[in-house]
Amino acid sequence: MVLLSTSGDVLAHAVAEGDKGYIQEIYGVHLISFMYLGAKHMVTGYDHLLFLLGVVFFLYRMQHIAIYVSLFAIGHSTTMLLGVYFDIGINSYLIDAIIGLSVVYKALDNLGAYQRWFGFQPNTKVATLVFGFFHGFGLSTKIIEYEIASNGLLPNLLAFNVGVEIGQLLALSAILIVMGFWRRTDGFLRHAYTANVAMMSAGFLLVGYQLTGLMVS
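Residues numbered from 1 in each chain as written. Predicted model: local features only at pLDDT ≥ 70, side-chain atom pairs only at ≥ 80, totals over all residues. Heavy atoms only, no water.

A. Main features of the overall build of the protein chain. Helix and strand content of the protein chain: ten helices and zero strands. Counting from the amino terminus, helix and strand elements in the protein chain follow one another as α-α-α-α-α-α-α-α-α-α. On C-alpha atoms alone, the protein chain measures out to a radius of gyration of 17 Å, which is about the 17 Å that the 2.2 N^0.38 rule sets for 217 residues. In terms of its C-alpha atoms, the protein chain occupies a principal-axis envelope of roughly 55 × 40 × 30 Å. For the protein chain, long-range pairs separated by at least 24 residues make up 84% of all intrachain contacts whose partners lie at least 6 apart in sequence. Counting every atom, the protein chain has about 10,700 Å² of accessible surface; 68% of that belongs to carbon and sulfur. Across the protein chain, the 10 positively charged side chains and the 12 negatively charged ones have centroids separated by 17 Å. (Helix = DSSP H or I, 4+ residues; strand = E, 2+ residues; numbered from the N terminus. Rg over C-alpha atoms; globule rule 2.2 N^0.38 Å. Contact = heavy atoms within 4.5 Å. Areas by Shrake-Rupley, 256 points an atom, 1.4 Å probe, with all protein chains shown as cover. Lys, Arg positive; Asp, Glu negative; His and termini not counted. Charge placed at Lys NZ, Arg CZ, Asp CG, Glu CD.)

Here's what the structure looks like:
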């Protein structure tokens, strides 16, 4: 919540100013640099991490976690690569609002809201893939705005994507370690409700801020 309320730069699906300048100035193939930038984006991207937390919140088996995380990675990677390569840009406020909704959706799913309200359970695998597409467009939109050089574009993007996946694995490992300890406590199920309400509130806060930015832009 504190992160979401500090500044527009934090709320936008942004790349840090120093990294922005680097992206705009370099020319040619820089695989290691782009892998680093991709990993950095993932481990500092609170919107990605909130969604990942929601996805794995009630997953206990590693094979189930691997399936959902892979679907998210496929979606994220596909639209990030295609969006930049084919110059498909989406309004950054709009795409970040949708990303905020993905956090809201998953928190409500964890709370069992759809079954209580509508009497059915949405396909969580399809939803994870679809929201992965939107998360990827969020990043591609920003990269397009920074006018990355066309020389070495494809290998640099592939390296960036590899970095994103490395960062995702690092972040996911930390989340699962913390969740593993938390799940062993007696109060996990009791506090799980509060945690998902907080997650949902953070998502709504992000959506509201981005829609406000969209209206005044």
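B. Expanded view of the pattern of salt bridges. Enumeration over the complete set of coordinates arrives at one salt bridge. Here Lys106 makes a salt bridge to Asp109, at a shortest N to O gap of 2.7 Å. With Lys106 and Asp109 both in helix H6 (residues 92-110), this residue pair falls three residues apart, about one helical turn. Of the two residues, Lys106 and Asp109, both sit in the buried class. (Salt bridge = Lys/Arg side-chain N within 4 Å of Asp/Glu carboxyl O. Buried < 20%, exposed > 50% of the residue type's maximum accessible area, 1.4 Å probe, protein only.)

C. Structural context of the side chain of Thr128. With respect to the helices and strands, the residue Thr128 is situated in helix H8 (residues 124-145). What makes Thr128 buried here is its relative accessible area of 2%. Ignoring any residue separated from it by four or fewer positions in sequence, one finds Thr128 in contact with Phe51, Val55, Tyr68, Leu71 and Phe72.

D. Fine view of H8. The end-to-end C-alpha separation of H8 is 32 Å, in line with the 32 Å expected for 22 residues at 1.5 Å each. One side-chain oxygen of the residue at the start of H8 lies 3.1 Å from the amide nitrogen of Lys125, identifying that residue as Asn123. Positive backbone phi, approximately 55°, marks Glu147, located one or two places after H8. (Expected span 1.5 Å × (residues − 1). Polar contact = N/O pair within 3.5 Å; in protein donor to acceptor, adjacent residues only side chain to side chain.)

E. Geometry of the side chain of Arg183. One can find Arg183 in helix H9 (residues 153-183). Among buried charged residues, Arg183 stands out as having no salt bridge; its nearest opposite-charge side chain is Asp109, 13 Å away. A polar side-chain atom of Arg183 sits 2.8 Å from the main-chain carbonyl oxygen of Val56. Apart from residues lying up to four places away in sequence, Arg183 is in contact with Val56, Phe57, Phe58, Leu59, Tyr60 and Phe188.

F. Up close: the nonpolar core. Core analysis: the largest hydrophobic core is formed by 27 residues, its most contacted members being Val56 and Ile65. Listed by contribution, the elements that provide at least two residues to this core are helix H4 (46-56), helix H5 (62-85), H6, helix H7 (113-118), H8, H9 and helix H10 (188-216). Take this core: its biggest share by element is five residues, from H6. Setting aside its immediate chain neighbours within four residues, Val56 contacts Ile65, Val69, Leu172, Ile175, Leu176 and Arg183. Counting 17 residues, the second-largest nonpolar core is a separate cluster that includes Leu37, Met80, Tyr146 and Ile148. (Core = buried A, V, L, I, M, F, W, Y, C linked by side-chain atoms within 4.5 Å.)

G. Focus on the environment of Phe133. With respect to the helices, strands and loops of the structure, Phe133 is situated in helix H8. Among the residues examined, Phe133 registers a relative accessible area of 29% and is labelled partly exposed. Spatially, the C-alpha atom of Phe133 lies 4.3 Å from that of Gly75, the residues being 58 residues apart in sequence. When residues no more than four places from it in sequence are discounted, the contact partners of Phe133 are Gly75, His76, Thr78 and Thr79.

By themselves, these are just geometric observations and shouldn't be taken as functional.
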